[in-house]
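Close look at the chain arrangement
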Amino acid sequence: AVAPPPPPPTPPTLTNVSASQPVCQATTTGATFTVTYTSTNTNTLTLTAPNNGAQTPLTPNVTGQTSAPIPYDCANPGGSYGLKAIGLSGTTPATATVTPTPTP
């Protein structure tokens with residue numbers, strides 16, 4: 001008898017992704033924000049700044065996790081940050097985008 005093929009690996013998921021509001025003022029340098037997310041079946045999770053900027057590794061396989069503070073460029077607001085969850089080989093990565101909105 002031929003053994004049935006193994007089930008395909010479960011793809012990663014990335015859900016409930018949101019960003020906190022960075023506080024930008026005329027005198028502010030070093031503004032930060034945090035990203036909250038849930039990820040499953042993930043080997044590697046990265047956050048990429050706008051325009052293919054700096055990549056920040058995030059903790060995979062957590063529920064309702066809030067990241068460490070991420071630098072925010074108040075001089076160039078409005079950019080989108082991309083999250084990418086990479087799972088087992090052969091699975092499609094999960095992606096999400098957040099756009100932090102600075103306080104006025």
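First, a word on what this report is: a plain description of the structure on this page. Counting of residues starts from 1 at the beginning of each chain's written sequence and follows it residue by residue. Given that this is a predicted model, residues contribute local features only at a pLDDT of at least 70 and side-chain atom pairs are listed and counted only at 80 or more, while totals for whole chains, interfaces and linings are drawn from all residues. Each side-chain value is worked out from all heavy atoms of the structure, with water and hydrogens disregarded.

**Remarks on the environment of Ser89**
For the purposes of this entry, the term helix denotes a DSSP run of H or I that reaches at least four residues, the term strand denotes a run of E that reaches at least two, and both are numbered from the N terminus. Looking at the element boundaries, Ser89 is found in the loop between strand E8 (81-86) and strand E9 (94-98). Along the primary structure Ser89 and Leu47 are separated by 42 residues, whereas in three dimensions their C-alpha atoms are 20 Å apart.

**Here's the deal with unusual backbone geometry**
Phi is positive for Asn41, close to 55 degrees, though the residue is something other than glycine. With respect to the secondary-structure elements, Asn41 resides in the loop between strand E3 (35-40) and strand E4 (44-48). Its identity is not glycine, yet Asn61 carries a phi of approximately 60 degrees, on the positive side. By relative accessible area, which is 43% here, Asn61 ends up partly exposed. Whether a residue is buried, partly exposed or exposed follows from its accessible area with a 1.4 Å probe, protein chains only, as a fraction of its type maximum: under 20%, in between, or over 50%, in that order.

**Structural notes on the state of the cysteines**
Any two cysteine sulfur atoms within 2.5 Å of one another count as a disulfide. Within this structure, the stated rule accounts for one disulfide. Covalently, Cys24 is tied to Cys74 through a disulfide, its sulfur atoms 2.0 Å apart. Between Cys24 and Cys74, the S-S dihedral sits near -80 degrees, and the bridge is therefore left-handed. Within this pair, whereas Cys24 is found in the loop between strand E1 (13-19) and strand E2 (32-33), its partner Cys74 is found in the loop between strand E7 (70-71) and E8, the two being separated by 50 residues in sequence.

**With respect to the pairing of E8**
Taking every second residue as pointing to the same face, the buried face of E8 carries Tyr81, Leu83 and Ala85, while none of Gly82, Lys84 and Ile86 on the other face is buried. Direction of pairing for E4 relative to E8: antiparallel, over a ladder of five bridges. Each residue of the ladder has a partner; that of Thr44, found in E8, is Ile86. Strand direction decides the pairing type here: E8 and E9, joined by five bridges, are antiparallel. The residue bridging Leu83 from the neighbouring strand is Ala96, located in E9. A pair of strands is labelled paired if DSSP reports no fewer than 2 bridges between them.

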